[in-house]
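Notes for the structure review
Now for the letters of each chain:
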Amino acid sequence: EGEDVGTYTVTGTATTIFLDNNYEITVVPGTLTINPAKVVITVDSANKTYGDADPKFNYTVDVTEGKVTAEELGVTISRIPSENVGTYNITANYNASNNYVVTVVDGTFTITQRPATIKVDSQSMVAGNKIPELTATETGVVDGDTLDYELKVDGTTITAVLGNNPNYDVTVVDGTLTVSKAVAQN
């Protein structure tokens, strides 16, 4: 008897079906070999936008011989714990007995840039005076993050010159600098 991987002796008994006892019957034991079941756990690829929660990770369990469930294998899914834009492996962890030979096919997890906008505020000034403080409004930014940019005046356009924002796909909406003539005083 046995259900686990291994080699087992198979024995039997013989009965004489002839009444004349002309035969001597010898039972030669055989062997039963139970090989490990081949299991493939395939993790599906997934993605998200920077700042969003992780999606539910899915996987499939394929068994070429035998029968096993994901619950029996204790399958759990994990990924490299990073929240920055990039591509990471998603893998399956399991607790399989010697009854299984398990192959894991990893998936990929891609975090894409979050769209964000910098809307530069328009300003006005009198010619000859100091340029007013330049301001802008950021939208689409995840709580706690700030975008890297510097506000500059180029003629009558106020724009944001972008710095390093690897987690964001930033759109800049320029503002206008309106310069009025100075009123001459007598």
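All values reported here derive from a predicted model rather than from experimental measurement.

1. Thoughts on the packing of aromatic side chains
The relative placement of two aromatic rings is captured by the distance of their centres and the angle of their planes. Counted under the stated rule, the structure contains two aromatic pairs. Pairing tyrosine 50 with tyrosine 168 gives two aromatic rings, centres 5.4 Å apart and planes at 75°, and the pair type is edge-to-face. With tyrosine 50 in the loop between strand S4 (46–49) and strand S5 (59–63) and tyrosine 168 in strand S15 (residues 168–173), this residue pair connects regions lying 118 residues apart in the sequence. Judged by relative accessible area, tyrosine 168 falls into the buried class, the value being 6%. Summarising the aromatic geometry, the rings of phenylalanine 57 and phenylalanine 109 are spaced 5.3 Å apart at their centres and angled 85° between planes, so their arrangement reads as edge-to-face. Highlighted residues: phenylalanine 57 in the loop between S4 and S5 and phenylalanine 109 in strand S9 (residues 107–112), separated in sequence by 52 residues.

2. Things to note about the side chain of lysine 48
Here lysine 48 is to be found in strand S4. For lysine 48, the side chain forms a polar contact with the main-chain oxygen of aspartate 52, separated by 2.8 Å.

3. A word on the sheet that holds strand S10 (residues 114–120)
In a beta sheet, neighbouring strands pair by backbone hydrogen bonds and run either parallel or antiparallel. Spatial ordering of the open sheet is given by S12-S10-S15, a layout of three strands whose pairing is mixed. Lying at the two open borders of the sheet, with one neighbouring strand each, are strand S12 (136–139) and S15. Averaged over all pairs of adjacent strands, the angle between their axes in this sheet comes to 20°, without regard to strand direction. Of the pairings in the sheet, the one linking S10 to S15 comprises six bridges and is parallel in character. What sits directly across from proline 115, in S15, is aspartate 169.

4. Overview of the pattern of salt bridges
Tallied over the entire structure, the rule returns six salt bridges. Measuring nitrogen to oxygen at the nearest pair gives 2.8 Å for the salt bridge that ties aspartate 54 to arginine 79. Of this pair, aspartate 54 sits in the loop between S4 and S5 while arginine 79 sits in strand S6 (residues 76–79), and the two are 25 residues apart along the sequence. The closest approach of N and O atoms between arginine 79 and glutamate 83, which form a salt bridge, is 2.8 Å. Taking relative accessible area as the criterion, arginine 79 reaches 15% and is therefore assigned buried. Residue classification places glutamate 83 among the partly exposed residues on the basis of a relative accessible area of 40%. Salt bridges here are not isolated pairs; linked through shared partners, they connect Lys48, Asp54, Arg79 and Glu83.

5. Some points on the environment of threonine 49
Within the secondary structure, threonine 49 is located in strand S4. Sequence separation of threonine 49 and serine 82 is 33 residues, and the distance between their C-alpha atoms is 13 Å. Beyond its immediate stretch of four places on either side in the chain, threonine 49 contacts Ile111, Thr112, Gln113, Arg114 and Pro115.

Thresholds applied
- Residues numbered from 1 in each chain as written.
- Predicted model: local features only at pLDDT ≥ 70, side-chain atom pairs only at ≥ 80, totals over all residues.
- Heavy atoms only, no water.
- Phe/Tyr/Trp six-rings, centres within 6.5 Å; stacked < 30°, edge-to-face > 60°.
- Helix = DSSP H or I, 4+ residues; strand = E, 2+ residues; numbered from the N terminus.
- Buried < 20%, exposed > 50% of the residue type's maximum accessible area, 1.4 Å probe, protein only.
- Polar contact = N/O pair within 3.5 Å; in protein donor to acceptor, adjacent residues only side chain to side chain.
- Pairing = 2+ DSSP bridges.
- Axes fitted to C-alpha atoms, helices over the stretch in contact; angles between N-to-C directions.
- Salt bridge = Lys/Arg side-chain N within 4 Å of Asp/Glu carboxyl O.
- Contact = heavy atoms within 4.5 Å.

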